[in-house]
Amino acid sequence: MGSALKDNNESTAAARRNARFMTTRWSIVLHAGRGEGTGARDALARLCGTYWYPLYAYVRRRGYNAHDAQDLTQEFFARLLAQRTLGRADPARGRFRSFILTALGHFLSDEWDKGRAQKRGGGHDLVPLDFAAAEQRFELEPADGTDAPDRAFDRQWALALLDTVLHRLEEDYARAGRTALFAALKATLVGGRESLPYAELASQLGSSEGAVKVAVHRLRKRYRELLEEEIDETVASPDEGREELRHLLRALGGP
């Protein structure tokens, strides 16, 4: 009975995940890139809100100074929809991470010299870009030159995605009126179980150690769910989602 119930739950979860790919932000962007659609701009803006700093850092790693990297990043996003770049995306190779980095590479090689005389941004305000904070962040990164631009981009992409997931998780707990619980437990999202101070957390929360273990399990489970959702928003199939998760772990130095 228990095994059958587990199999049924897993099948239901898989069905829900498969259905998500019909309405992900990336699928909306791909569809709108071949025609007209007001939803594409909002979907693209949300995606770019995660990706813009990794792209800015990539441009800096390519040897551009801060001023030119700012101009390039701003103009790239301004043109992304205006030139129907999205209409040329291949759904069969649907990772947004791969698509947008390739598009930026083409832009750096072919488009920047043609458009340099144009006003920065071309009058399009797609994503608010805080370049001052971005440059401060970039200057804190290792400057030993050991990371190739592509590898550095992948690491920054992974960190940005995890930051987005953590923010969504925090919002979940805030909506449930459990902000204090999240603040106490969020550090348990990293490290092994043996390093988690369950007894200390129980004392801090005025709870039992067993209740804390359950709360940590639920926190980690929801974190994993949100991470899978975010990844699914940027790929075209469940198989790509699983591979993208493995890629994320490798980018962070995992096996």
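In this text, all values refer to a predicted model and were calculated from it rather than measured experimentally.

S.K.: Tell me about the overall build of the chain, residues and numbers included.
M.R.: If you tally the helices and strands in the chain, you get 11 helices and zero strands. Residues counted as buried form 42% of the 255 residues belonging to the chain. The long-range fraction of contacts in the chain, counting pairs at least 24 apart against all pairs at least 6 apart in sequence, stands at 75%. Surface exposure of the chain reaches about 14,100 Å², of which carbon and sulfur atoms provide 52%.

S.K.: Tell me what's going on with the packing of aromatic side chains, and back it up with residues and numbers.
M.R.: Per the counting criterion, the structure on display carries 10 aromatic pairs. Summarising the aromatic geometry, the rings of Phe-76 and Phe-77 are spaced 5.5 Å apart at their centres and angled 55° between planes, so their arrangement reads as tilted. Per residue, the accessibility class of Phe-76 equals that of Phe-77, and both read buried. In textbook terms, an aromatic cluster arises when at least three aromatic residues are bridged by ring pairs, as seen for Trp-52, Tyr-53, Tyr-56 and Phe-131. In this arrangement the basic side chain of Arg-97 is found over the ring face of Trp-157, its NZ or CZ atom lying 5.1 Å from the centre.

S.K.: Which residues make up the environment of Ala-132, and what values do they have?
M.R.: Along the chain, the position of Ala-132 falls in helix α6 (residues 131-140). On the basis of relative accessible area, Ala-132 is assigned to the exposed category, the value being 52%. In sequence terms Ala-132 and Gln-70 are 62 residues apart; their C-alpha atoms lie 9.6 Å from each other.

S.K.: I'd love a proper account of the side chain of Gln-156, names of residues and values included.
M.R.: With respect to the element layout, Gln-156 can be found in helix α7 (residues 149-175). On the basis of relative accessible area, Gln-156 is assigned to the buried category, the value being 8%. Apart from the residues within four sequence positions on either side, Gln-156 is in contact with Tyr-53, Pro-54, Ala-57, Arg-137 and Glu-141.

S.K.: Go over α7 with me, naming the residues and quoting the values.
M.R.: Over its 27 residues, α7 runs 39 Å from end to end, which matches the ideal 39 Å to within 8%, given 1.5 Å per residue. Following α7 by one or two positions, Gly-177 has its phi on the positive side, about 70°.

S.K.: Explain the nonpolar core residue by residue, including any values.
M.R.: Membership of the largest hydrophobic core comes to 55 residues, with the highest contact counts inside it found for Phe-76 and Ile-100. It is helix α3 (residues 38-61) that contributes the most residues to this core, 11 residues altogether. The contact partners of Phe-76, leaving out residues within four places of it in the chain, are Leu-55, Ile-100, Ala-103, Leu-104 and Phe-107.

S.K.: Could you give an account of the confidence of the model for the chain, with specific residues and numbers?
M.R.: Any region with low pLDDT has predicted coordinates that should not be read closely. Counting all residues, the mean pLDDT for the chain is 78, and 67% of those residues have values of 70 or more. Here residues 119-123 is a poorly scored stretch, pLDDT under 50, and it has 10 contacts once near neighbours within four places are set aside; other chains count.

S.K.: So what about the side chain of Glu-230? Which residues, and what values?
M.R.: Inspection of the secondary structure puts Glu-230 in helix α10 (residues 209-232). Among the residues examined, Glu-230 registers a relative accessible area of 4% and is labelled buried. If we ignore the near neighbours within four places in the chain, the residues touching Glu-230 are Arg-25, Leu-161, Thr-164, Val-165 and Arg-168.

S.K.: Tell me about helix α11 (residues 238-251), and name the residues and values.
M.R.: An ideal rise of 1.5 Å per residue puts 20 Å on 14 residues; α11 measures up with 20 Å between its terminal C-alpha atoms. Regarding α11, the residues found buried are Pro-238, Glu-240, Gly-241, Glu-244, Leu-245, His-247, Leu-248 and Ala-251. Seen end-on, α11 carries its buried residues on one side only, within an arc spanning 170°. Directly after α11, the chain includes Gly-253, whose backbone phi takes a positive value near 95°.

Definitions and limits used
Residues numbered from 1 in each chain as written. Predicted model: local features only at pLDDT ≥ 70, side-chain atom pairs only at ≥ 80, totals over all residues. Heavy atoms only, no water. Helix = DSSP H or I, 4+ residues; strand = E, 2+ residues; numbered from the N terminus. Buried < 20%, exposed > 50% of the residue type's maximum accessible area, 1.4 Å probe, protein only. Contact = heavy atoms within 4.5 Å. Areas by Shrake-Rupley, 256 points an atom, 1.4 Å probe, with all protein chains shown as cover. Phe/Tyr/Trp six-rings, centres within 6.5 Å; stacked < 30°, edge-to-face > 60°. Lys NZ or Arg CZ within 6 Å of the ring centre and 35° of its normal. Expected span 1.5 Å × (residues − 1). Core = buried A, V, L, I, M, F, W, Y, C linked by side-chain atoms within 4.5 Å. pLDDT = per-residue confidence, 0-100. Arc of directions from axis to C-beta.

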